[in-house]
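Residue strings, one per chain:
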Amino acid sequence: MNIQHLPNETLTKIAGYLTFPSQAIVAVALTAPSGRFRAIADESQLREASRAIVTSAVAGSCDDWDTVDFGEVEPSLAARLSDDDVESVFVCLLRCELGHRVRSVFLAGCTGVRGECIRPLRHFGNLLQVDLRLVGRKSGAYETGVCSLEEDSVIGTLNRHVRTWGCLKHVLLPEKFLLEPSNATQQFLLQLSESVERCGGVCSNC
């Protein structure tokens, strides 16, 4: 019996034993492989089972759910996630009309991504915090060698978010971006600082 033939209620209960990011990964898989998910997951093509799992996961969380933390994914799985995999999770949230609820994103453990995966964050209009160091909030020292993120992909998306929404307050970049920051990174940090100050905050010089 194919798992997709199970009732939505059953699939939702099974997925409920997982952490939120893992539930979202399952939801994506029920619609399409992550490499094709973005192309087909418009409002009419997202499977009802996928929508049910994601919306149930958010509803079952605390009322102030606002965080997507890949540090909650089993470490060996997080390390194998591709840009397509992570991007599909964000696209799924948008298709379920939940992007506006996300205020914090942590890519902890996603050591295989290059940065294209964060493109959908341009549409997360209430996003306040992004941690791209690829380590968990409770992790030890950062290991520069494990960072696979590419500056062009990351800084381009973050710049667009700041210009469009102006709500980002805290961005934690990989250490390798900051050791010898390029002109693009320096310009982004300046733009972020000015945006935060316009909103009455104080830049953390992330």
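Residues numbered from 1 in each chain as written. Predicted model: local features only at pLDDT ≥ 70, side-chain atom pairs only at ≥ 80, totals over all residues. Heavy atoms only, no water.

### Some thoughts on the environment of phenylalanine 177
Here comes step 1: Structurally, phenylalanine 177 can be placed in helix H8 (residues 175–179).
Here comes step 2: C-alpha of phenylalanine 177 to C-alpha of arginine 133: the two residues are 44 residues apart in sequence and 9.9 Å apart in space.
Here comes step 3: Discounting residues that sit within four places of it in the chain, phenylalanine 177 has contacts with Leu149, Glu150, Glu151, Val154, Ile155 and Thr185. (Helix = DSSP H or I, 4+ residues; strand = E, 2+ residues; numbered from the N terminus. Contact = heavy atoms within 4.5 Å.)

### Considering the packing of aromatic side chains
Here comes step 1: In total, this model carries 3 aromatic pairs according to the counting rule given.
Here comes step 2: The interplanar angle of 85° and the centroid separation of 6.0 Å between the aromatic rings of phenylalanine 90 and phenylalanine 124 together place this pair among those described as edge-to-face. On the criterion of sequence distance, the pair formed by phenylalanine 90 in helix H6 (residues 83–95) and phenylalanine 124 in the loop between strand E2 (104–106) and strand E3 (129–131) is long-range, its members being 34 residues apart. Exposure class is identical for phenylalanine 90 and phenylalanine 124. Each is buried. (Phe/Tyr/Trp six-rings, centres within 6.5 Å; stacked < 30°, edge-to-face > 60°. Buried < 20%, exposed > 50% of the residue type's maximum accessible area, 1.4 Å probe, protein only.)

### Side note on the packing of helix H7 (residues 151–164) against helix H9 (residues 183–198)
A pair of packed helices is characterised by two quantities: the angle between their axes and the separation of those axes.
Here comes step 1: Closest axis-to-axis distance for the H7/H9 pair is 10 Å, and the angle between their directions is 25°. The angle between H7 and H9 places the two elements in the roughly parallel class. Of the two possible hands of crossing, H7 and H9 adopt the one that is left-handed. Residues Glu151, Ile155, Leu158, Asn159, Val162 and Arg163 of H7 pack against Ala184, Thr185, Phe188, Gln191, Leu192 and Ser195 of H9. (Axes fitted to C-alpha atoms, helices over the stretch in contact; angles between N-to-C directions. Parallel < 35°, antiparallel > 145°, perpendicular 65-115°, else oblique. Left-handed = near helix turned anticlockwise from the far one by under 90°.)

### A closer look at the nonpolar core
Here comes step 1: Counting 54 residues, the largest nonpolar core has Phe70 and Leu107 as the members making the most contacts within it.
Here comes step 2: Of all the elements in the fold, those that place two or more residues in this core are helix H1 (8–15), helix H2 (20–31), helix H4 (48–60), H6, H7 and H9.
Here comes step 3: Take this core: its biggest share by element is 6 residues, from H6.
Here comes step 4: If sequence neighbours within four positions are ignored, phenylalanine 70 has contacts with Pro21, Ala78, Leu81, Val86, Val89, Phe90, Phe106, Leu107, Ala108 and Cys110. (Core = buried A, V, L, I, M, F, W, Y, C linked by side-chain atoms within 4.5 Å.)

### Structural notes on the sheet that holds strand E1 (residues 67–69)
Here comes step 1: The parallel open sheet is built from 4 strands, whose spatial order is E1-E2-E3-E4. Of all strands in the sheet, those with a lone pairing partner are E1 and strand E4 (170–172), marking the two edges. Strand-to-strand, the axes of this sheet are offset by a mean angle of 5°, without reference to chain direction.
Here comes step 2: For E2 and E3, the ladder comprises 3 bridges, and the chain directions are parallel. Across the sheet, residue phenylalanine 106 finds its bridge partner in E3, namely aspartate 131. (Pairing = 2+ DSSP bridges.)

### A short note on unusual backbone geometry
Residues other than glycine predominantly adopt negative phi, and peptide bonds predominantly adopt the trans conformation.
Here comes step 1: Unlike most non-glycine residues, glutamate 97 shows phi in positive territory, near 60°.
Here comes step 2: With respect to the secondary-structure elements, glutamate 97 resides in the loop between H6 and E2.
Here comes step 3: Of note in the backbone geometry, leucine 134 takes a positive phi value of approximately 70° without being a glycine.
Here comes step 4: As for its placement among the helices and strands, leucine 134 is situated in the loop between E3 and H7.

### Structural notes on the packing of H1 against H4
Here comes step 1: The geometry of H1 relative to H4 is characterised by a closest axis approach of 9 Å and an angle of 45° between their N-to-C directions. Taken together, H1 and H4 sit at an angle that is classed as oblique. Both H1 and H4 take part in a crossing whose hand is right-handed. In contact with Asn8, Leu11, Thr12 and Ala15 of H1, H4 contributes Glu48, Ala49, Ala52, Ile53 and Ser56.
Here comes step 2: For the contact of H1 with H4, the residue count by class is 5 nonpolar, 3 polar and 1 charged. (Nonpolar A, V, L, I, M, F, W, Y, C, P; charged D, E, K, R; others polar.)

### A few points about the confidence of the model for the protein chain
Detailed reading of the predicted coordinates is not advisable wherever pLDDT falls low.
Here comes step 1: Confidence in the prediction of the protein chain, expressed as mean pLDDT, is 88, and 87% of residues score 70 or more.
Here comes step 2: Considering only residues more than four positions removed or in separate chains, one finds that residues 139–144, a stretch of pLDDT under 50, has 7 contacts. (pLDDT = per-residue confidence, 0-100.)

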